[in-house]
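Fold and geometry: a report
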Amino acid sequence: MPPKGASTKLQPMRLPPLPKLRVRRPNQADANPCLALMSSVLTCWASSGYTAAGCQVLETQLRACMDAPRPKTVKKNNINYHLSRMYPNIVGPRKRK
């Protein structure tokens, strides 16, 4: 509750001026799809030994995943382009020095 005699109107939050609006590292690579299979194979080997016959299915799945071709064209994320284009509309007019 506000102090006695103070306005109950909410004050808008003021943000410090930003030189530019950017998203850091928008093109981060996705996690390796074979990572889960590799983890499963290593866990199987650790629990039942390196030459365990029960791990054979996981090993073949991992080999198939590793031999699969990777997509060559990765689209770049264009979020920073749109942020820089729309930034003047968000900030409003600036004072000239």
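Preceding this section is the structure that the text describes.
Owing to the predicted nature of the structure, the values given are computational and were not obtained by experimental measurement.

Applying the stated criterion across every chain, the model contains two disulfides. One disulfide in the model links cysteine 34 with cysteine 65; its S-S distance is 1.9 Å. Torsion about the S-S bond of the cysteine 34 and cysteine 65 cystine: about -95°, corresponding to left-handed handedness. With a gap of 31 residues between them, cysteine 34 in the segment before helix 1 (35-48) and cysteine 65 in helix 2 (residues 56-67) connect regions that are remote in the sequence.

Here we take up the side chain of glutamate 59. Following the sequence through the fold, glutamate 59 ends up in helix 2. A polar contact is formed between the side chain of glutamate 59 and the side chain of tryptophan 45, at a distance of 2.9 Å. Among all residues touching glutamate 59, those that are not within four sequence positions of it are Val41, Trp45 and Tyr50.

A separate point is the environment of asparagine 78. Along the chain, asparagine 78 falls in the loop between helix 2 and helix 3 (79-91). Taking the relative accessible area as the measure of exposure, asparagine 78 reaches 45% and is therefore partly exposed. Sequence-wise, asparagine 78 and asparagine 27 are 51 residues apart; in three dimensions their C-alpha atoms are separated by 9.1 Å.

Here we take up the packing of helix 1 against helix 2. At their nearest, the axes of helix 1 and helix 2 sit 9 Å apart, and the two run at 150° to each other. The orientation of helix 1 with respect to helix 2, classified from their angle, is roughly antiparallel. Regarding helix 1 and helix 2, the two cross each other, and that crossing is left-handed. Each of Leu37, Met38, Ser40, Val41, Cys44 and Trp45 in helix 1 lies in contact with helix 2, whose residues at this interface are Leu58, Glu59, Gln61, Leu62 and Cys65. By residue class, the composition of the contact of helix 1 with helix 2 is eight nonpolar, two polar and one charged.

Turning next to the environment of serine 47. Within the fold, serine 47 resides in helix 1. A relative accessible area of 62% places serine 47 in the exposed class. A distance of 3.1 Å separates a polar side-chain atom of serine 47 from the backbone oxygen of cysteine 44.

Scoring rules and cut-offs
Residues numbered from 1 in each chain as written. Predicted model: local features only at pLDDT ≥ 70, side-chain atom pairs only at ≥ 80, totals over all residues. Heavy atoms only, no water. Disulfide = S-S within 2.5 Å. Helix = DSSP H or I, 4+ residues; strand = E, 2+ residues; numbered from the N terminus. Polar contact = N/O pair within 3.5 Å; in protein donor to acceptor, adjacent residues only side chain to side chain. Contact = heavy atoms within 4.5 Å. Buried < 20%, exposed > 50% of the residue type's maximum accessible area, 1.4 Å probe, protein only. Axes fitted to C-alpha atoms, helices over the stretch in contact; angles between N-to-C directions. Parallel < 35°, antiparallel > 145°, perpendicular 65-115°, else oblique. Left-handed = near helix turned anticlockwise from the far one by under 90°. Nonpolar A, V, L, I, M, F, W, Y, C, P; charged D, E, K, R; others polar.

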